[in-house]
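Coordinates in review
What follows is the residue order along each chain.
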Amino acid sequence: MTTETLPEIGSIEPNRHGYRSFALGRFTFERDEYFAHITWPQGRHLMPVDAFLKALQRDIAWGFFYGIVNFDGVVGTINHYGTVDLFAGRFSDHYRRAGLDYSENFKTPLIQRVFEAMLEDWTNSTFDPFASPAETGSAFGPKNGSNKRAITRHRVTAKRMIGCPGDEPRRSDEAGFPINRHFRDVRQDEPEVKAEPGFEDQVVAFNLFAYLSRSDVTWNPSVVSVCKASLYCPTTEEYILPVIHGNDRVEWFVQLSDEIHWEVEDRDTGAVRARVVMKAGDVAAMPADIRHRGFSPKRSMLLVWENASPDLPALYASGKMPPTPVQF
Ligand SMILES: [Fe+2]
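The notes below deal with the structure included here. (Residues numbered from 1 in each chain as written. Predicted model: local features only at pLDDT ≥ 70, side-chain atom pairs only at ≥ 80, totals over all residues. Heavy atoms only, no water.)

Bound to the iron ion are the protein donor atoms His245 (ND1), Asn247 (OD1), Glu251 (OE) and His292 (NE2), situated 1.9 to 2.4 Å from the metal. Each of the four donor atoms bound to the iron ion contributes to angles spanning 84 to 133 degrees, and the resulting shape is irregular. Along the chain, the residues donating to the iron ion are arranged with the sequence spacing H-x1-N-x3-E-x40-H. Remark: His292 occurs in strand S16 (residues 290-307) and Glu251 occurs in strand S12 (residues 251-255); sequence separation between them is 41 residues. With respect to burial, Glu251 and His292 carry one shared label: buried. (Donors = N, O, S within 2.8 Å, 3.2 Å for Na, K, Ca; no water. Tetrahedral: all angles 85-135°; square planar, octahedral: opposite > 155°, others 65-115°. Helix = DSSP H or I, 4+ residues; strand = E, 2+ residues; numbered from the N terminus. Buried < 20%, exposed > 50% of the residue type's maximum accessible area, 1.4 Å probe, protein only.)

So, in structure tokens, the structure goes:
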């Protein structure tokens, strides 16, 4: 079959399953009813298409995030904050030693455009890549419509602490989101604030648990407070983190409710380093040289505390900063 190719985007003609194919440099992407097929000059790989779309969705929504977004143990992206590497086998010891790893650098707007076009074309009307498996239909089968409303959701980003004048974000309760089935026991009352006279418009508070109980997405942090480079990014988690995140800085986790199991591996080789079970109230500092994937048996609340300072990756990469915040 001959297909006409749009420069830098993909085929116009769909394949026999109804899906367009895409190319980025020397990588190609194709989907059939069950799998995403990825090829590069020395190799090929396939992923279940539901897992692929969930990872692709986060990579786009998070602007390629901090450091490395591994879609699985083989394929992923590295954010250089302006450009992005797309790679295969780069963080697998075995692919590296066999010489099968490959990586190519793209300007961020280009890879973003191709990823967005692929996500839109490959997501059927029945599937929401942000939702938990129990709250979405199937990703599989031949092309069946689209779900643009779901895939173009944006993370809510506060301009100030929520509750302050000018805080901006839509409050999830005001926007009419229902309390999630796993959070029906979460109290919805707001804190009572008793400010000294004259300070009434400067002291604010809100019920973060109530806010999170209405989150309609999983594994998608929203930024609820910003203080210089310090970002509080709480999120609700259920089932499996769709990416294996390779850190380029220390990341703090505060488990606000329930339980998450983390698999922690060496960022560069994939060798297992730890399994961490975090229960409500537990705090962990994920080192700057690891990659991790979380498993949440029921919907839980996690506060991810990020330091967004642009200087950090170079400080860790050069060894000027140790990869853990505390040396024991
Ligand atoms: Fe991380």
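Applying the stated criterion to the full structure yields zero disulfides. The structure places no disulfide on Cys233, whose sulfur is separated from the nearest cysteine sulfur, that of Cys227, by 13 Å. (Disulfide = S-S within 2.5 Å.)

Tracing the sequence through the fold places Glu237 in strand S10 (residues 230-240). This buried residue, Glu237, is left without a salt bridge; Arg58 holds the nearest opposite charge, at 7.3 Å. A distance of 2.9 Å separates the side chain of Glu237 from the backbone nitrogen of Trp219, its partner in a polar contact. The contacts of Glu237, once residues within four sequence positions are left out, are Thr218, Trp219, Asn220, Ile260, Ser296, Lys298, Arg299, Ser300 and Leu302. (Lys, Arg positive; Asp, Glu negative; His and termini not counted. Salt bridge = Lys/Arg side-chain N within 4 Å of Asp/Glu carboxyl O. Polar contact = N/O pair within 3.5 Å; in protein donor to acceptor, adjacent residues only side chain to side chain. Contact = heavy atoms within 4.5 Å.)

Before going further, it helps to spend a moment on unusual backbone geometry. The phi angle at Phe65 is positive, at roughly 55 degrees, despite the residue not being glycine. Relative to the elements of secondary structure, Phe65 occurs in the loop between helix H1 (49-61) and strand S5 (68-70). A relative accessible area of 10% means that Phe65 is categorised as buried. Non-glycine residue Lys228 carries a positive phi angle of around 50 degrees. On the secondary structure map, Lys228 appears in the loop between strand S9 (225-227) and S10.

Okay, the side chain of Thr218 next. With respect to the secondary-structure elements, Thr218 resides in the loop between helix H5 (208-213) and S9. When sequence neighbours within four positions are dropped, the list of residues in contact with Thr218 reads Arg58, Phe130, Ala131, Ser132, Thr236, Glu237, Glu238 and Arg299.

Here helix H3 (residues 108-122) contains 15 residues, and its C-alpha end-to-end distance of 21 Å stays within 8% of the 21 Å for a straight helix at 1.5 Å per residue. Considered for burial, the residues of H3 that qualify are Thr108, Leu110, Ile111, Val114, Phe115, Ala117, Met118, Leu119, Asp121 and Trp122. (Expected span 1.5 Å × (residues − 1).)

To continue, consider the environment of Arg96. Topologically, Arg96 is positioned in helix H2 (residues 93-98). Separated by 173 residues in sequence, Arg96 and Thr269 have C-alpha atoms that sit 9.1 Å apart. Contact partners of Arg96, with chain neighbours within four places excluded, come to Gly89, Arg90 and Asp101.

Let's shift gears to the nonpolar core. In terms of nonpolar packing, the biggest core is built from 58 residues, with Leu24, Phe29, Phe52, Leu56, Phe115, Trp122 and Trp262 touching the most fellow members. Here this core takes eight residues from H3, the largest share from any one element. Ignoring sequence-local partners within four residues, the contact set of Phe29 consists of Ser21, Phe22, Leu24, His37, Ile38, Phe52, Leu86, Phe115, Met118 and Trp122. Val186, Leu212, Leu256 and Leu303 belong to the second largest nonpolar core, which has 11 residues in total. (Core = buried A, V, L, I, M, F, W, Y, C linked by side-chain atoms within 4.5 Å.)

This paragraph deals with the packing of H1 against H3. In helix packing, the relevant descriptors are the interaxial angle and the interaxial distance, both defined with respect to the helix axes. Running from N to C, H1 and H3 point in directions that differ by 140 degrees, and their axes come no closer than 10 Å. As summarised for this structure, H1 and H3 are arranged oblique, according to the angle between their axes. Remark: the crossing between H1 and H3 carries left-handed chirality. Mapping the contact onto sequence places Phe52, Leu53, Leu56, Gln57, Asp59 and Ile60 in H1 and Phe115, Glu116, Met118, Leu119 and Trp122 in H3. (Axes fitted to C-alpha atoms, helices over the stretch in contact; angles between N-to-C directions. Parallel < 35°, antiparallel > 145°, perpendicular 65-115°, else oblique. Left-handed = near helix turned anticlockwise from the far one by under 90°.)

Geometric values such as these leave the question of function open.
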